[in-house]
Amino acid sequence: MNSPQKPVLVELPDSHRGAIVLGDPDYHRDPAEVFSALRRTYGPVAPVLLVGQVPAWLVLGHRELTQVTTDTRLFARKAARWRLREQLPADWPLWPMLGGGHTESSLLYTEGDEHRQRAGAVSRALASVDPVEFRAQCESRAEDLVDSFAHSGRAELMAHYALLLPVMVMGWALGVPTEEHRDLVAAFTDQLAGGDRALAGHQHIRRTMQELVRRVRERPSADVASRLAADPVGLSDEQLCQDLIVTILAGHQTTAYWMGNATYRMLVDRRHTDAFIRGRLAVSQALREVLWDDTPTAIFAGRWTSRPAHLGHVTIPAGDLVLLGLAAGNCDPHLRPEPGAGMRGSRAYLSYSHGPHSCPDPARDLAETIVTAGIEVLLDRLPDLHLACPPEQVRWQPSVWMRGLESLPVTFTPTPPTTRYAGGTPWI
């Protein structure tokens, strides 16, 4: 399963000799099968390698993931605890996702009281978004996007819809100017792909957020960035920049891939088609089933052991990197003995992680609003969507961390643009 790699960056421990490389062609082709093979070989915790033959431990079991995300003292969040940190070059492409460089000051890599205070500030800022206005923004911008291609009878739904809608809506909520939205989409994709453009993508996101910080310090408004800047926690400019990066990146990429994965399943899986189109489930409930079966966050990075830790069938040395296999945990056979067994009504999925470092509730609500509105507008405007290629030809993003479509070509009956009124809904 291993593929040719760049030069080895660190000395490989015996525990990781022969381990698979996350991000090789087999992984991108079918990560679920890779997770199953690892579980059969190693149990709920498996040795894996990242680009450059960098060793890590991938947690596959639902119970073990709950343990790791709950015990934040043993499985800590600061990347400074990583014993290999000083051995990795500054241009290692995975640093933006693992707390290297400027990202070290992000709330993602804080612990204890500092994390509670800063996470609370982000949660308060997001909770200030008016849900009615936010839903209206989602619907309006979704209508605008559909209008841009509805007349043609063909569309590439990832590039022209799913990847644009979340950043347009979250950009509006945070106060990012509209003209910067499309460049942010490209930068998000580059960073998460972890390739040669990962650092450049991160730098573009950082520059955009630095400019936003400057604006809200000088001219605060009613947006999320201004409220976060004014929070009593008292963030520095760098902390504010990093926390805005976390907010918009998490709000965009996972939401876009959730929408894409749901639409793809609707087009190729009759059970999901029935759920969405024939109303057998509410759209929100059908979308939660997608989180169980095809969650957009496949692996979340990371945790570092503060001392030797026994987990599953292994003892992990102090200072090792631990990766959260959220997608694997959702399919744990101890939780779901039958492959593909439904979990209707249950929200025990790990798609938002778990514990003190999980996604805050207001962010979950906003994400669900974006995806629900996006799917509903799409089905209302284009009810006869069909996949424009065989399912096996659909391309998936080459990312270790995310499970999302690179493209989703569709066909449909061309429709004219909708007529909307600048002053709102007219009296009739």
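Residues numbered from 1 in each chain as written. Predicted model: local features only at pLDDT ≥ 70, side-chain atom pairs only at ≥ 80, totals over all residues. Heavy atoms only, no water.

Here helix α7 (residues 165-174) lies mainly inside the structure; nine of its ten residues are buried. Along α7, the positions that sit buried rather than exposed are Leu-165, Pro-166, Val-167, Met-168, Val-169, Met-170, Gly-171, Ala-173 and Leu-174. Backbone geometry just downstream of α7 places Gly-175 in the positive-phi region, at approximately 100°. (Buried < 20%, exposed > 50% of the residue type's maximum accessible area, 1.4 Å probe, protein only. Helix = DSSP H or I, 4+ residues; strand = E, 2+ residues; numbered from the N terminus.)

Its boundaries defined by the atoms lining it, the largest pocket holds a volume of some 960 Å³. Contributing to the lining of the largest pocket are 49 residues, with Leu-108, Val-246, Ala-250, Phe-300 and Cys-359 lying nearest its centre. Mapped onto the lining of the largest pocket, the elements with two or more residues apiece are α4 (112-127), α8 (181-193), α11 (237-268), β5 (300-305) and α15 (361-381). In terms of residue count, α11 provides more of the lining of the largest pocket than any other element does, eleven residues in total. In the lining of the largest pocket, the residues fall into 31 nonpolar, 17 polar and one charged. (1 Å grid on protein atoms, 1.4 Å probe; cavity = no way out; pocket = protein on both sides within 12 Å on 5 of 7 lines; lining within 4 Å. Points joined across faces, edges and corners; volume = space filled by probe spheres on them. Nonpolar A, V, L, I, M, F, W, Y, C, P; charged D, E, K, R; others polar.)

Before going further, it helps to examine the sheet that holds strand β2 (residues 54-59). Paired through backbone hydrogen bonds, the strands of a sheet run either parallel or antiparallel to each other. The five strands lie next to each other as β1-β2-β8-β5-β3, forming an open sheet whose pairing is mixed. Both outer strands of the open sheet, β1 (45-50) and β3 (75-76), are each paired with one neighbouring strand and no more. In the sheet, β3 pairs with β5 via two bridges, with the strands oriented antiparallel. For Ala-76, the partnering residue across the bridge sits in β5 and is Trp-304. Running over the sheet, helix α2 (residues 31-42) touches β1 and β2 and is turned about 125° from β1. (Pairing = 2+ DSSP bridges. Contact = heavy atoms within 4.5 Å. Axes fitted to C-alpha atoms, helices over the stretch in contact; angles between N-to-C directions.)

In regular strands, side chains alternate between the two faces of the sheet. What you see with strand β8 (residues 321-324) is no split at all: Leu-321 and Leu-323 on one side and Val-322 and Leu-324 on the other are buried throughout. The pairing of β2 with β8 spans three bridges and is parallel. Note on β8: the bridge partner recorded for Trp-57 is Val-322.

For the coordinates displayed, the defined rule picks out two cavities of 30 Å³ or more. In this structure, the largest cavity occupies an estimated 70 Å³ of space. Around the largest cavity sit Tyr-27, His-28, Pro-31, Ala-298, Trp-396, Gln-397, Ser-399, Val-400, Met-402, Arg-403 and Gly-404, which together line it.

All chains considered together, the criterion is met by 25 salt bridges. Glu-211 is paired through a salt bridge with Arg-215; the nearest N and O atoms lie 3.6 Å apart. Within this pair, Glu-211 and its partner Arg-215 are both found in helix α9 (residues 198-218), separated by four residues, close to a single helical turn. The exposure class assigned to Glu-211 is partly exposed, which follows from its relative accessible area of 27%. The exposure class of Arg-215 is buried, given its relative accessible area of 15%. A salt bridge links Arg-214 to Glu-218; the nearest nitrogen and oxygen atoms lie 2.9 Å apart. (Salt bridge = Lys/Arg side-chain N within 4 Å of Asp/Glu carboxyl O.)

Residue Gly-302 is bonded to the preceding Ala-301 through a cis peptide linkage, with omega at -20°. Looking at where Gly-302 falls in the secondary structure, it is placed in strand β5. At Gln-53, a residue that is not glycine, the phi angle is positive and equals roughly 60°. Its location among the elements puts Gln-53 in the loop between β1 and β2. Among the residues examined, Gln-53 registers a relative accessible area of 16% and is labelled buried. Even without a glycine there, the phi angle at Ser-353 is positive, about 65°. For Ser-353, the position within the fold is in the loop between α14 (326-330) and α15. Since its relative accessible area comes to 9%, Ser-353 is described here as buried.

The next subject is the nonpolar core. The biggest cluster of nonpolar side chains holds 117 residues, and the ones touching the most others in it are Leu-50, Tyr-161 and Leu-323. It is α11 that contributes the most residues to this core, 13 residues altogether. The residues contacting Leu-323, other than those within four sequence positions of it, are Leu-22, Val-48, Leu-50, Ala-56, Trp-57, Leu-58, Val-59, Ile-299, Phe-300, Ala-301 and Trp-401. In this structure, Leu-65, Phe-75, Leu-311 and Val-322 belong to the second largest nonpolar core, which totals 15 residues. (Core = buried A, V, L, I, M, F, W, Y, C linked by side-chain atoms within 4.5 Å.)

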